[in-house]
Amino acid sequence: MKKVTVYITLKQGVLDPQGKAIQESLNSLGYKEVEEARVGKFIELQVEEGPDLIERVTAMCDKLLANPVIEEYRFDVEEAEAL
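Residues numbered from 1 in each chain as written. Predicted model: local features only at pLDDT ≥ 70, side-chain atom pairs only at ≥ 80, totals over all residues. Heavy atoms only, no water.

Things to note about the side chain of Glu71
Next, step 1: For Glu71, the position within the fold is in strand β3 (residues 71-79).
Next, step 2: A distance of 3.5 Å separates a polar atom in the side chain of Glu71 from a polar atom in the side chain of Lys41.
Next, step 3: Only 2.7 Å separates the side chain of Glu71 from the backbone nitrogen of Asn67, close enough to count as a polar contact.
Next, step 4: With near-sequence residues (within four places) excluded, Glu71 lies in contact with Ile8, Thr9, Leu10, Lys11, Lys41, Leu65 and Ala66. (Helix = DSSP H or I, 4+ residues; strand = E, 2+ residues; numbered from the N terminus. Polar contact = N/O pair within 3.5 Å; in protein donor to acceptor, adjacent residues only side chain to side chain. Contact = heavy atoms within 4.5 Å.)

Some words on the packing of aromatic side chains
Next, step 1: Inspection of every chain in the model, using the stated rule, returns 1 aromatic pair.
Next, step 2: The positively charged end of Arg74 is found above the aromatic ring belonging to Tyr7, 4.1 Å away from the centroid. (Phe/Tyr/Trp six-rings, centres within 6.5 Å; stacked < 30°, edge-to-face > 60°. Lys NZ or Arg CZ within 6 Å of the ring centre and 35° of its normal.)

Topic: the sheet that holds strand β1 (residues 2-10)
Next, step 1: The antiparallel open sheet is built from 3 strands, whose spatial order is β2-β1-β3. Of all strands in the sheet, those with a lone pairing partner are β2 (40-47) and β3, marking the two edges. When strand polarity is set aside, the average angle formed by the axes of neighbouring strands in this sheet is 20 degrees.
Next, step 2: Looking at chain direction, β1 and β3 are connected through 9 bridges and run antiparallel. Pairing of Leu10 across the sheet is with Glu71, part of β3.
Next, step 3: Those strands touched by helix α2 (residues 53-65) are β1, β2 and β3, and its axis lies near 145 degrees from that of β3. (Pairing = 2+ DSSP bridges. Axes fitted to C-alpha atoms, helices over the stretch in contact; angles between N-to-C directions.)

Points about the pattern of salt bridges
Next, step 1: A complete count under the given rule lists 7 salt bridges for this structure.
Next, step 2: The partner of Asp76 in a salt bridge is Arg74, and the shortest N-O contact between them spans 3.6 Å.
Next, step 3: Residue class for Asp76 comes out partly exposed when judged on its relative accessible area of 32%.
Next, step 4: Among the ionic contacts, a cluster of salt bridges with common partners joins Lys2, Glu49 and Glu79. (Salt bridge = Lys/Arg side-chain N within 4 Å of Asp/Glu carboxyl O. Buried < 20%, exposed > 50% of the residue type's maximum accessible area, 1.4 Å probe, protein only.)

Pasting the structure below:
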């Protein structure tokens, strides 16, 4: 069993109103050093190992998990911890 961690973020240049609101709120709380905040998604998958795991996870991201028009993604694959 493998644990796949997928990180999805908006592409540079795509407006991020949620990130802008966070940045402005942090600035108003006195954290003036925050110049930009970007919001994304974090997804963990438990998957069975197979010879085409990378290709299948890439297809999952392209078809459902991320919107390739406005988002980019990366993922890490590691051994799942035994319960």
